[in-house]
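Residue-level structure breakdown
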Amino acid sequence: MSTLSRRSFLRHSALAGGGLLVAFTLPGCSTPPSLPVPRESGDFVPNAFLKFTADGAVHFYCPRDEMGQGVTTGLTTIVAEGLDMAPQRLTVELAGAHPDYANPGMGFQVTGGSTSVKEHFTQLMTVGCQMRALFLAAAAQDLGVAESALTTDDGMIVHGENRYPYAQFLSTAATLPVPETVDLKAAADYRWIGTAFPRLDGEVKATGKAVYGIDIDVPGMEHAVVVRPPVFGAKVVRYDDRAAKSVAGVRTVVEIATGVAVVAEHFWQAKKGAEALTVEWSASPLDGATTASLRADYAEALAAGGEEAESTGDVAAALAGATKTVDLEFWAPFLAHAPMEPMSAVVHVKGDSAELWAGTQGPGPAGALVARHAGLEPAQVMVHQTYLGGGFGRRGTLTHVVEATQISKATGTPIKLLWTREDDLRGGLYRPASLMRIRAGLDDDGRLAAWDAARAGSNITPETIRTSLPALLPGMPDGVVDFMVGLTDRLHQGWVVDHSSIEGLYEDYAVPNLAVHHATKEHGIPVTFWRSVGHSYTAFAKEVTMDALAEAAGQDPVAFRLAHLEHNPRLAAVVAKAQEAWNGWTPAPGRHLGFAAHHSFATSVAQVAEVSVEDGAIRVHRVFCAVDCGLAVNPDIVRAQMEGAIMYGLTAALHGRLDFEGGAVKQSNFHDYPILRINEAPTVEVVIMESQEAPTGVGEPGLPPIAPAVANALYRATGKRLTELPLSDALRLA
Amino acid sequence: MLRFTLNGQTVETDLAPDTPLLWAVRDQFMLKGSKFGCGAGLCGACTMHVDGVAQKTCVLPLAAVAGKAVTTIEGLDPEGVGAALQAAWVAESVSQCGYCQSGQIMAAAALLEANPNPTEAELETAMAGNICRCGCYPRIKNAIQSAAATLAQDALFTNAMAEEVSA
């Protein structure tokens, strides 16, 4: 079932992996840009990733963006392992924009999709091993001995009793050719990979010294706050800035494509100015929309059937002939990412150049966007990457970078743009809401005979094309971008199913008769990748349905799943590992267990949640999590990502909802968009499966199972089969 | 002109007295360790100590700190509670994105100064005002408990030394 048929291959668009976009790539600018690696005489810069200096320092230019997932530690460990030098000895730098920093799996300089370790492992191991080989060759030449008489140990060339630092051979190494082929270090010889050690960015982040986009200050910089329409799709008709301009510190007011910007000496003055601004907005097709009206539209689309995405066997006949059936409808609301650092960027547009300082999930595309909106070539833009105060998919869309560029172009000054928390929650982009239905049937033997699944909602691909094409294809005229966006929109209305919309709804378990449909309904609400993307809602529908089916079959829910995983050994193994926890776990009085498993981003995860209901409030006490992510480069970071994904997923499972009222987003800050707090956090036990398989992603796969695991526990606790998120509201209304 | 003490230094500001302390510290005094998260006192990313008490400074007007002593993450004691917490934070790899961690550590430092051996419930109550979107909560708990244990050990050692000296 995991193999795609040719038809479904043609019918599923695959933007998430970049495949669709790669096909449209045009030649870039004629001269390759120089590496954004500052160097002084005596420095040896053999490639985009490493700089060796005469004093023995080794700088690693980390090609992926650090948003908390630990990538600066993980990728440093890989290159350091190849180099045979402790990762702690390397100085990690956040790389600027350059084609050499492209994500090998995407072709662009983008961090996302839980791809970083998976896609860079071989590349960076090769780079490290090449450099080690180069130093061995240089040392052999300088010492006048055979290379075979030398070895390495933690950054030193070893010759008998003598040890020489790599740095001693820099000048010779710089004259030698980098070996084109090199034997990669054998897994049995790993010294740091597979070992848990503290993150390399722990100290700067415990002392307040880590620099985020919001922390940048450059001479002459002014602060901007943008007033955006209350309803998506509305435009500025006219505005009155007299009151805003009378606020102390306000310098100017500028209309830009997305709204009206108030520019001031300090942020607080700009914010007060923005509050004093009066703007008249045009009408929008979304005017008057409510969550209920949007959901009614999805229900209508779902009832109409939608487009076929997958079909195997005869699902209608199998359902008609089933011994028992389950028919459930699921709702998952719109969600904001709400990273702790709201969107921020500093841009300075000068005459023939520009600079950008920001923490984004795409420094390359970000620089290209600045160039496009400043009227420059990408090579004229210097990008300074900072740490990201959380990403979760939100910092892949760079509207704030475009806004800052437009403002700076108008003022001529460096502009720091900061979105307020209200801007963040009300200004987009969101995890799309989803209405799903699964009808499933069991045969006489209690085996899954039919799985008929459908999802209605909006797709993230058109918005992704809209926001990323101008960044990825700097030379493409606006008219062509508009054409491509329109084409993608039309393709998704009846031709192609956006795979991100249905991923995870049907793939994991063996079923002989399968049908998957998708009904697209767009309202002009901007949506995008949100930690684990489609899996964030499909796993909820799939795993609650599996629990209901196990009950209908009179089987243990974990054993029922295992019986349908014979074709899927890695997911089966994590389910079996979690089964040990499940079988040996006697919940405390008043508490109940729930189980869920899900495969996403090439990683398999199974979770058990211990849950109680106290005075109507859901309390998740403890979570067990088994994960197979192949080789765990740093097991402690894998654990941290599982813990973090569970907490992020619990916020969504228990509390998360963004509602529309009168066309506008109702929630505005953390009082009505609550985030899980420390007193609600469960203890988490993570077991990482022993594996020498290639490493796979860990940023996202820990999230999908937690909502259904909690829902399945709540069924045991209350007898209520909750099928709507968030569960706290569903339980109150059940 | 409004005057207060910032990390031990007397400072003056002519910003409007309704300006939140956070923005004066970040934009005028250029200390960037304290963060903006919500602007409504709901997330704790902006936590500083005012006369030793943890305060959410995104909603604390400058007028309220006139003549008071303000401590930010940059001025957290390099010995004692602050150092123990920061060492525990590194050892436990608490931080993920790290953005909220200055506020978390300032809240934790105020807790341990007031209550060197908090129960789990006391810890949760003291830290419930600080959101971590990356979900580092289990590690924050571990780090605070580990720092408290280290400080208790140090105190035992110091007391024993003092007794030895006086004997």
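All values derive from a computational prediction rather than experimental measurement. (Residues numbered from 1 in each chain as written. Chains lettered and ligands numbered in written order. Predicted model: local features only at pLDDT ≥ 70, side-chain atom pairs only at ≥ 80, totals over all residues.)

1. Digging into the overall build of chain B
- Scanning chain B from terminus to terminus reveals five helices and five strands.
- Of the regular secondary structure in chain B, the N- to C-terminal order runs β-β-α-β-β-β-α-α-α-α.
- A compact globule built from 167 residues should have a C-alpha radius of gyration of about 15 Å, and chain B, at 17 Å, falls within 12% of that.
- With the principal axes as the frame, chain B shows a C-alpha extent of 55 × 40 × 25 Å.
- Looking at the 167 residues of chain B, the share that counts as buried comes to 54%.
- Across chain B, contacts joining residues at least 24 apart in sequence account for 62% of those joining residues at least 6 apart. (Helix = DSSP H or I, 4+ residues; strand = E, 2+ residues; numbered from the N terminus. Rg over C-alpha atoms; globule rule 2.2 N^0.38 Å. Buried ≥ 20, exposed ≤ 12 C-beta atoms within 10 Å, placed from the backbone. Contact = placed C-beta atoms within 7 Å.)

2. So, the pairing of strand S2 (residues 9-13) of chain B
Residue and element names in this part refer to chain B.
- Of the pairings in the sheet, the one linking strand S1 (residues 2-6) to S2 comprises five bridges and is antiparallel in character. Its bridge partner being in S2, Thr 5 is matched across the sheet by Thr 10.
- Linking S1 to S2, which pair antiparallel, is a turn of two residues; within it Asn 7 sits at a positive phi near 50°. (Pairing = 2+ DSSP bridges.)

3. Overview of the confidence of the model for chain A
- With 96% of its residues at a pLDDT of 70 or more, chain A has an overall mean of 93.
- Counting contacts from residues 1-30 of chain A, a segment whose pLDDT is below 50, to residues more than four positions away or on other chains yields 44 contacts. (pLDDT = per-residue confidence, 0-100.)

4. A word on the sheet that holds strand S30 (residues 683-688) of chain A
Residue and element names in this part refer to chain A.
- If you walk across this open sheet you meet the four strands as S25-S26-S27-S30, and the pairing is mixed. One side of each edge strand has no neighbouring strand; the edge strands of this open sheet are strand S25 (592-600) and S30. Taken pair by pair, the neighbouring strands of this sheet meet at an average axis angle of 20°, ignoring direction.
- Where strand S27 (residues 617-628) lies against S30, six bridges are found, and the strand directions are parallel. Note that in S30 the partner of Cys 625 across the bridge is Val 686.
- Each of S25, strand S26 (603-614) and S27 is contacted by helix H21 (residues 706-718), which is oriented at about 155° to S25, the strand it contacts most. (Axes fitted to C-alpha atoms, helices over the stretch in contact; angles between N-to-C directions.)

5. Overview of the sheet that holds strand S7 (residues 162-165) of chain A
All names here are of chain A.
- Judged by pairing direction, the sheet is antiparallel, and its three strands sit side by side in the order S5-S6-S7 without closing on themselves. If you trace the sheet from one side to the other, it starts and ends with strand S5 (151-153) and S7, each paired once. Adjacent strand axes in the sheet meet at a mean angle of 35° when their direction is disregarded.
- Across four bridges, strand S6 (residues 156-159) lies against S7 in antiparallel orientation. Across the sheet, Val 158 pairs through a bridge with Arg 163, a residue of S7.
- On top of the sheet, helix H4 (residues 116-143) reaches S5, S6 and S7; it is set at about 50° to S6, its chief contact.

6. Quick word on the packing of helix H3 (residues 71-83) of chain A against H4(A)
Residues and elements named next belong to chain A.
- Taken N-terminus to C-terminus, the directions of H3 and H4 make an angle of 35°; their axes are 6 Å apart at the nearest point. Helix-helix and strand crossings are classified by hand; for H3 and H4 the assignment is right-handed. From H3, Val 71, Gly 74, Leu 75, Ile 78, Val 79, Ala 80, Glu 81, Gly 82 and Leu 83 reach across to H4, where they touch Ser 116, Val 117, His 120, Phe 121, Leu 124, Met 125, Thr 126, Val 127, Gly 128, Cys 129, Met 131 and Arg 132.
- By residue class, the composition of the contact of H3 with H4 is 13 nonpolar, six polar and two charged. (Left-handed = near helix turned anticlockwise from the far one by under 90°. Nonpolar A, V, L, I, M, F, W, Y, C, P; charged D, E, K, R; others polar.)

7. Comments concerning the interface of chain B and chain A
- The interface is formed by 44 residues belonging to chain B together with 47 residues belonging to chain A.
- Broken down by secondary-structure element, the contributors of at least two residues to the side of chain B that touches chain A are helix H1 (21-28), helix H2 (80-91), helix H3 (101-114), helix H4 (120-127) and helix H5 (137-166) of chain B.
- A per-element tally of the side of chain B that touches chain A places H2(B) first, with four residues.
- Per-class residue counts for the side of chain B that touches chain A are 26 nonpolar, twelve polar and six charged.

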